[in-house]
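Understanding the architecture of this molecule
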Amino acid sequence: MAVDLLLGLQWGDEGKGKIVDVLTSNYNIIARFQGGPNAGHTLVFNGKKHVLHTIPSGIFHDDATNLVGNGVVIDPVIFKGELDKLEEQNIDYRKSLLISRKAHIILPTHRLLDAASEASKGKAKIGSTLKGIGPTYMDKTGRNGIRVGDLELSDWKERYRNLADKHESMIAYYNVDIEYNLKELEEEFFKAIDVLKSLTFIDSEEYIYQAQKAEKSILAEGAQGSLLDIDFGTYPFVTSSNTTAAGACTGLGVAPNQIGDVFGIFKAYTTRVGSGPFPTELFDEDGKTMGRVGNEFGATTGRPRRCGWLDLVALKYACRVNGVTQLMMMKGDVLSGFKTLKVCTQYKYKGKTISHLPYNIEPENVEPIYTEFSGWNEDLTEMSDASELPKALNEYIDFLEKELEIPITIVSVGPDRKQTIFRQQLV
Ligand code: GDP
Ligand code: IMO
Ligand code: MG
């Protein structure tokens, strides 16, 4: 059976966690394919909010198996924190959580290197989540990393020491003011490693191959968003993994011809957290309203998210790079009450009007060109059927579908699992 993908089309935080949770009842296996604890995926059900960082968003469903794929980077300390929270809620994760032996491990010194690198950049900093993501992927591609499977080898602690010592000399090289007590960090780290080792490690590509053969349904869960992709995002203000569809192939070992549906998630407006260009960013009351009503604060760092209008130029680009087959529009409810809505349909780029995402979208090169829409005042949060959606919202949706040439199958009208409107049967 083909593997379906679910991924974010903007700068992350589109609502991936919520939709994975909603869709899990249709799948046997939920598999995270990249990123790590830089992600914060929020799920809300039965009046309770849950935030997951590394653990796939299917974990609250008894029948689903949750796989942390080879493309993911794991911080054992954060991972243990997530497990502790699951335990508090009596979630029996031991049976249902599997970890790829090929996933890489974030060491305490990776986190310190992230902080040192950011401090050395000054104003040009990426705005990283400081979880050690960049340095860990650098060690992966530099062929120095430590993988989950290494924890089963007798010499892994020696390899750890060598790598951590090297990191310490690199931290000193940055020559920035970073205080740390590595002994304390290591104590916490090794305790967490023991917990990690009590879980089930697998050769995940083989597991997925056999699962497909046995007709199991698999949903691959992405982290971050397409505009944070290391190749296709707004480089260098990106994360260090491939967040796009191709990342699911390398991050799970699934061949391109085994990919089925690609679910692309986007907010009805746009947000970004961290540094980097954002052509439709708003600095006025409208932007503040989006932030306030949408409660736009990072699920991992608590930082306020920058807000702006929907950028269709960027969204089209993301749909193409990913081969999106179905769209899901999130947070439509946040736009209720705006008299006029704007959608960026083209850019003025170096004096010319263009319709594609160019190499360079810094504010000095790009000015958004907007199409305006009438807003709606109805509160969407209690609606449960597509027939209830206001006319002006339907016009907004119709316009986007026509421009993107992809159906919008889900409209999300609130954070809760139940606040999900299916416009079409999904499969
Ligand atoms: P993810 O990283 O893509 O999983 O998204 P986050 O969890 O970081 O951010 C999405 C935020 O929006 C979370 O606080 C969700 O609870 C919330 N959310 C998701 N869908 C909706 C929606 O349709 N309406 C509103 N108001 N909030 C939503
Ligand atoms: P989810 O999965 C939003 C951003 C950071 C920073 C840049 C690089 O919840 O959508 P990193 O720590 O990866 O080196 O940071 O990427 N970023 C995210 N923004 N949602 C995320 O994940 C993000 N993960 C990283 O803010 O700008
Ligand atoms: Mg998030």
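Residues numbered from 1 in each chain as written. Chains lettered and ligands numbered in written order. Predicted model: local features only at pLDDT ≥ 70, side-chain atom pairs only at ≥ 80, totals over all residues. Heavy atoms only, no water.

**Focus on the overall build of the chain**
Summing up its helical and strand segments, the chain has 12 helices and 20 strands in all. Taking 2.2 N^0.38 as the reference for a compact globule, 427 residues should give roughly 22 Å; the C-alpha atoms of the chain span a radius of gyration of 21 Å, in line with that estimate. Overall, the C-alpha framework of the chain stretches about 65 × 50 × 40 Å when taken along its three principal axes. A sequence separation of at least 24 residues applies to 76% of the contacts in the chain between residues at least 6 apart. About 18600 Å² of surface is accessible on the chain, with carbon and sulfur atoms providing 49% of the total. In the chain, 48 side chains carry a positive charge and 58 a negative one; their mean positions are 2 Å apart. (Helix = DSSP H or I, 4+ residues; strand = E, 2+ residues; numbered from the N terminus. Rg over C-alpha atoms; globule rule 2.2 N^0.38 Å. Contact = heavy atoms within 4.5 Å. Areas by Shrake-Rupley, 256 points an atom, 1.4 Å probe, with all protein chains shown as cover. Lys, Arg positive; Asp, Glu negative; His and termini not counted. Charge placed at Lys NZ, Arg CZ, Asp CG, Glu CD.)

**What to know about the site of ligand 1**
Within the structure, ligand 1 sits among 19 residues, and Gly-15, Lys-16, Thr-42, Asp-333 and Ser-412 are positioned closest to it. Within the backbone of Lys-16, one N or O atom sits 2.7 Å away from an oxygen atom of ligand 1. In the environment of ligand 1, an oxygen atom lies 3.0 Å from a nitrogen or oxygen atom belonging to the backbone of Lys-331. Relative to its free-state accessible area of 580 Å², ligand 1 is covered by the protein chains to the extent of 93%. Mapping ligand 1 onto the cavity grids shows that it belongs to the second largest pocket. Those elements giving two or more residues to the shell around ligand 1 turn out to be α1 (16-23) and β3 (41-45). Sorting elements by how many residues they give to the shell around ligand 1 places α1 first, with three residues. (Near = heavy atom within 4 Å. Polar contact = N/O pair within 3.5 Å; in protein donor to acceptor, adjacent residues only side chain to side chain. 1 Å grid on protein atoms, 1.4 Å probe; cavity = no way out; pocket = protein on both sides within 12 Å on 5 of 7 lines; lining within 4 Å. Sits in = over half its atoms within 2 Å of the grid points.)

**What about the packing of helix α4 (residues 108-121) against helix α6 (residues 156-174)?**
In the contact formed by α4 and α6, the axes pass within 9 Å of each other and the chain directions differ by 15°. Considering the angle they form, α4 stands roughly parallel to α6. Crossing angle aside, the handedness with which α4 passes α6 is left-handed. Listed contacts from α6 to Pro-108, Thr-109, His-110, Leu-112, Leu-113, Ala-116, Ser-117 and Ser-120 of α4 are Tyr-160, Ala-164, His-167, Glu-168, Met-170, Ile-171 and Tyr-174. (Axes fitted to C-alpha atoms, helices over the stretch in contact; angles between N-to-C directions. Parallel < 35°, antiparallel > 145°, perpendicular 65-115°, else oblique. Left-handed = near helix turned anticlockwise from the far one by under 90°.)

**Quick notes on the side chain of Thr-280**
Note on placement: Thr-280 falls in the loop between β12 (270-272) and α10 (285-293). Here Thr-280 falls in the buried class, since its relative accessible area comes to 0%. Excluding residues within four positions of it along the chain, Thr-280 makes contact with Thr-270, Gly-308, Trp-309, Leu-310, Asp-311, Cys-344, Pro-368 and Tyr-370. (Buried < 20%, exposed > 50% of the residue type's maximum accessible area, 1.4 Å probe, protein only.)

**Here's the deal with the site of ligand 2**
As a structural note, the neighbourhood of ligand 2 is formed by 20 residues, with Asp-13, Lys-16, His-41, Thr-129 and Thr-239 the closest of them. The separation between an oxygen atom of ligand 2 and a polar main-chain atom of Gly-127 is 3.4 Å. Here ligand 2 has 550 Å² of accessible area as a free molecule, and 97% of this is covered by the chains.

**Regarding the coordination of the magnesium ion (ligand 3)**
Within the protein, Asp-13 (OD) and Gly-40 (O) serve as the donor atoms for the magnesium ion (ligand 3), at 2.0 to 2.2 Å. Taken together, the residues Asp-13 in the loop between β1 (3-8) and α1 and Gly-40 in the loop between β2 (29-32) and β3 connect sequence positions 27 residues apart. Asp-13 gets classed as partly exposed once you look at its relative accessible area, which sits at 22%. Overall, the relative accessible area of 12% leaves Gly-40 in the buried class. (Donors = N, O, S within 2.8 Å, 3.2 Å for Na, K, Ca; no water.)

**A few points about the pairing of strand β11 (residues 259-267)**
A large share of β11 lies buried, amounting to seven of its nine residues. As judged from the five bridges shared by β1 and β11, these two strands associate in the parallel manner. Of the residues in β11, the one forming a bridge with Leu-6 is Phe-263. One ladder, built from five bridges, connects β11 with strand β15 (residues 326-330); its direction is parallel. Bridging across to β15, Ile-265 finds its partner in Met-328. (Pairing = 2+ DSSP bridges.)

**Things to note about α6**
Turn by turn, an α-helix covers 3.6 residues, leaving residues three or four places apart pointing in a common direction. Taking 1.5 Å per residue as the helical rise, α6 with its 19 residues ought to reach 27 Å, and the 27 Å between its terminal C-alpha atoms agrees with that figure. Residues Trp-156, Tyr-160, Leu-163, Ala-164, His-167 and Ile-171 constitute the buried set of α6. Along the axis of α6, the buried positions cluster into a sector of 100°, meaning they face one direction only. The exposed set on the far side of α6, more than 90 degrees from its buried face, consists of Glu-158, Asn-162, Ala-172 and Tyr-173. Against α4, α5 (133-141) and α7 (182-197) lie the buried residues of α6. (Expected span 1.5 Å × (residues − 1). Arc of directions from axis to C-beta.)

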